[in-house]
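Fold and geometry: a report
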Amino acid sequence: MDKISVIVPCYNEQEAIPAFYKAVNDTAAKMSGAEFEYIFVNDGSKDKTIDVIKEIASKDSRVKYVSFSRNFGKESAMYAGMEYASGDYVAIMDVDLQDPPELLAEMYDDLKSGEYDCVASRRVNRKGEAKIRSFFARCFYKLINKISQTEIADGARDFRMMTHQMTQSILSLCEYNRFSKGIFAWVGYNVKWLEFENRERVAGETKWSFWKLFKYSIDGIVGFSTMPLTIAAFVGVLFFAIAMVGIIFIIVRQLVWGGSAYGWSSTICILLLISGIQLFCIGILGQYLAKTYMEVKRRPIYIAKETNAEKTNQGE
Ligand code: UDP
Ligand code: MG
């Protein structure tokens, strides 16, 4: 019998967990060919999340948990989950039931056929989400797909099921700044996409503030493209060319007509513009440097405070 490990990152989700557990169990009961294992990752929740998980684990031996020493973010939670997953197939699901559990059966069938290594899901719409958030999300996907070699699908969820082999490949990318949407795409393999209508969460509220999403998008861009550095260099060359034209113009004007000591305000404007662009380019450089700095420290991606499971896979 195949074993499916369901990884569930949880951050302050005490209300959502029971509903999630019940819904996935209902689906699991219908899938006779596979047994399930749950890996709840408590990402430093401040509410009773860990107690709710332990309560479930005490009654169901299929339920494993890993509890972090603080909040490390969903990316770290998914990484930890994969390290502790012992199944032949590994699924990642949000606990808020925005990822329809019914799709698990379809994903499993597709993987079992051997044709695919991963069955991923994407939302076809963003119904129920704030308009402004959808707008920025769209812009982000357009931008990153223009400047990155790795193709990152708009509306792609982290909700997916994949083979053990692909899980190992993902774990082998043990970078500290993790942008999973990019990592999933980067490792390749045959991926099938399932589409579904957006759903609203069953309980609790989204953990992503606008600022958190903004920082996450910078992680994505810096992690999967060096194009901003090229653009900075290009802007430098462009301004050099413009300056050359300006210098020649001023020399010629001075020689032909003389008296070029006017234009104080335009000089200041140009000065401000150029120093602004310089700072902007240094800022871009700084972003890459900052990420490199964090990477070379080689800090662990997460710290597990307690768990009832054995680590089965090891990131490199
Ligand atoms: N999550 C997490 N750590 C965090 C933030 C979120 O483990 O720091 C989990 C959260 O509990 C949920 C999933 O990631 O299971 C998705 O979070 P959320 O529903 O808030 O994101 P959204 O669906 O709004 O993008
Ligand atoms: Mg959600």
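Everything below is about the structure printed above this text.
Since the model is a prediction, treat every value here as computed from it, not as a measurement.

Further remarks concern the overall build of the protein chain. Scanning the protein chain from terminus to terminus reveals ten helices and eight strands. Its C-alpha atoms give the protein chain a radius of gyration of 25 Å, clearly above 20 Å, the size a compact globule of 316 residues would have. Projected onto its principal axes, the C-alpha positions of the protein chain cover 90 × 40 × 40 Å. Per-residue burial over the protein chain gives 45% buried out of 316 residues. Long-range pairs, those at least 24 residues apart, make up 84% of the contacts in the protein chain between residues at least 6 apart in sequence. When the accessible surface of the protein chain is totalled, it reaches about 17,000 Å², and 61% of it is carbon and sulfur. Of the charged side chains in the protein chain, 38 are positive and 37 negative; the average position of the first set lies 7 Å away from that of the second.

The reference angle at a metal is 109.5 degrees if four donors form a tetrahedron and 90 or 180 degrees if six donors form an octahedron. Coordination of the magnesium ion (ligand 2) by the protein is provided by D96 (OD) and Q98 (OE1), with metal-donor distances spanning 1.9 Å. Like Q98, D96 is buried.

In this structure, I4, F20, F40, L104 and M161 are the most contacted members of the largest nonpolar core, which totals 38 residues. With six residues, helix α1 (residues 16-30) is the single largest residue contributor to this core. If near-sequence neighbours (up to four positions away) are discounted, F20 is found in contact with V6, V8, F40, M93, D94, V95 and L97. Within the second largest apolar cluster, 37 residues are counted, among which are F68, A85, C118 and Y302.

By definition, a disulfide links the sulfur atoms of two cysteines through a covalent bond. According to the stated counting rule, one finds zero disulfides in the structure shown. Among the cysteines around C174, which has no disulfide bond, C118 carries the closest sulfur, lying 20 Å off.

Turning next to the site of ligand 1. Inspection of the region around ligand 1 gives 18 residues, with E13, D43, D96, Q98 and T206 positioned closest. Contact distances for ligand 1 include 3.5 Å between an oxygen atom and a side-chain N or O atom of R133. Burial of ligand 1 by the protein amounts to 93% of the accessible area it has alone, namely 530 Å². Partitioning the shell around ligand 1 into residue classes produces five nonpolar, four polar and nine charged.

The next subject is the pattern of salt bridges. Overall, the coordinates contain 14 salt bridges when judged by the stated rule. A salt bridge links E55 to K59, with the nearest nitrogen and oxygen atoms 2.7 Å apart. Here E55 and its partner K59 are both found in helix α2 (residues 49-59), four residues apart, which amounts to about one turn of the helix. Its relative accessible area of 44% is what places E55 among the partly exposed residues. Between D110 and K192 there is a salt bridge, and its shortest N-O distance comes to 3.1 Å.

Time to look at the layout of surface pockets. Roughly 460 Å³ of volume is contained in the second largest pocket. Forming the boundary of the second largest pocket are 17 residues, of which G246, I250, S266, T267 and I270 lie nearest the centre. Residue assignment for the lining of the second largest pocket shows that the elements contributing at least two residues are α9 (227-256) and α10 (264-296). Looking at the lining of the second largest pocket, its residues break down into eleven nonpolar, five polar and one charged.

Turning our attention to the packing of aromatic side chains. If you walk through the whole model with that rule in mind, you get 14 aromatic pairs. Between F68 and Y302 the ring centres are 5.0 Å apart and the planes differ by 15°, which places this aromatic pair in the stacked class. One end of the pair, F68, is in strand β3 (residues 63-68); the other, Y302, is in the loop between α10 and β8 (304-307), with 234 residues separating them in the sequence. Across the pair, Y302 and F68 agree in class, each one buried. Relative to F214, the ring of W211 has its centre 5.7 Å away and its plane inclined at 20°; by these criteria the two rings are stacked. Here W211 and its partner F214 are both found in helix α8 (residues 210-224), three residues apart, which amounts to about one turn of the helix. With relative accessibility at 54%, the residue W211 sits in the exposed group. Clustering of aromatic rings is evident, with ring pairs tying together F140, Y141, F179, W208, Y216 and F224. Over the ring of F72 we find R70, and its NZ or CZ is 3.9 Å from the ring centre. The lysine or arginine in question, K212, covers the ring of W208, its NZ or CZ lying 5.7 Å from the ring centre.

Attention shifts here to the sheet that holds strand β5 (residues 118-123). Strand order across the open sheet formed by eight strands is β7-β5-β6-β4-β1-β2-β3-β8, with mixed pairing between neighbours. Each end of this open sheet is capped by a strand with a single partner; those strands are β7 (191-196) and β8. Within the sheet, the average angular offset between the axes of one strand and its neighbour, ignoring direction, is 20°. Sheet topology places strand β1 (residues 2-10) next to strand β2 (residues 34-42); nine bridges connect them, and they run parallel. From the neighbouring strand, V6 faces β2, where its bridge partner is Y38. Here helix α4 (residues 103-112) sits on the sheet and contacts β1, β2, β4 (89-92), β5, β6 (156-163) and β7; the angle it forms with β6, its principal contact strand, is near 45°.

The rules behind these values
- Here, residues in each chain are numbered from 1, in the same order as that chain's written sequence.
- All chains are assigned letters beginning at A, and all ligands numbers beginning at 1, according to the order in which they are written.
- Two thresholds apply to this predicted model, a pLDDT of at least 70 for residue-level local features and 80 or more for giving and counting side-chain atom pairs, whereas whole-chain, interface and lining totals are computed over all residues.
- Excluded from the side-chain calculation are hydrogens and water; included are all heavy atoms of the structure.
- A run of H or I in DSSP becomes a helix once it reaches four residues, and a run of E becomes a strand once it reaches two; helices and strands are each numbered from the N terminus.
- In this description the radius of gyration comes from C-alpha coordinates, and the expected globular size is given by 2.2 Å times residues to the power 0.38.
- Each residue's exposure class comes from its accessible area (1.4 Å probe, protein chains only) as a fraction of the maximum for that residue type: buried when under 20%, exposed when over 50%, partly exposed otherwise.
- Here a residue-residue contact requires only that any non-hydrogen atoms of the pair lie within 4.5 Å.
- Only the protein chains shown count as cover for residues, with accessible areas throughout obtained via the Shrake-Rupley method and a probe of 1.4 Å.
- Positive charges come from Lys and Arg alone, negative charges from Asp and Glu alone, with His and the N- and C-terminal ends not counted.
- Every charge is mapped onto a representative atom, which is NZ of Lys, CZ of Arg, CG of Asp or CD of Glu.
- Listed donors are limited to N, O and S atoms within 2.8 Å of the metal, widened to 3.2 Å for Na, K and Ca; water is not among them, so incomplete-looking sites are possible.
- Side-chain atoms within 4.5 Å are what join buried Ala, Val, Leu, Ile, Met, Phe, Trp, Tyr and Cys residues into a set we call a nonpolar core.
- When two cysteine sulfur atoms are found within 2.5 Å, that pair is recorded as a disulfide.
- To be near a molecule or strand, a residue needs just one of its heavy atoms within 4 Å of it.
- N or O atoms closer than or at 3.5 Å make up a polar contact, with two conditions inside protein: a donor-capable atom paired with an acceptor-capable one, and, for residues adjacent in sequence, both atoms drawn from side chains.
- Only Asp, Glu, Lys and Arg are considered charged in this grouping, and only Ala, Val, Leu, Ile, Met, Phe, Trp, Tyr, Cys and Pro are considered nonpolar; every other residue, Gly among them, is considered polar.
- Whenever a carboxyl oxygen of Asp or Glu lies within 4 Å of a side-chain nitrogen of Lys or Arg, that contact is scored as a salt bridge.
- We place a 1 Å grid over just the protein atoms. Points where a 1.4 Å probe fits but has no way out form a cavity, open points with protein on both sides within 12 Å along at least 5 of 7 lines form a pocket, and any residue with an atom within 4 Å of a point lines it.
- Grid points are joined across faces, edges and corners, and a volume is the space filled by probe spheres set on the points.
- Each Phe, Tyr or Trp ring (for Trp, its six-membered ring) is paired with any other whose centre lies within 6.5 Å, and the angle between the two planes then decides the class: stacked below 30 degrees, edge-to-face above 60, tilted in between.
- Two conditions define a charge located above a ring, namely a distance within 6 Å from the ring centre to NZ of Lys or CZ of Arg, and an angle within 35 degrees of the ring normal.
- DSSP bridges decide pairing: two strands pair if at least two such bridges lie between them.
- Fitted lines through C-alpha atoms give the axes, limited to the stretch in contact for helices. The angle between two N-to-C directions lies from 0 to 180 degrees.

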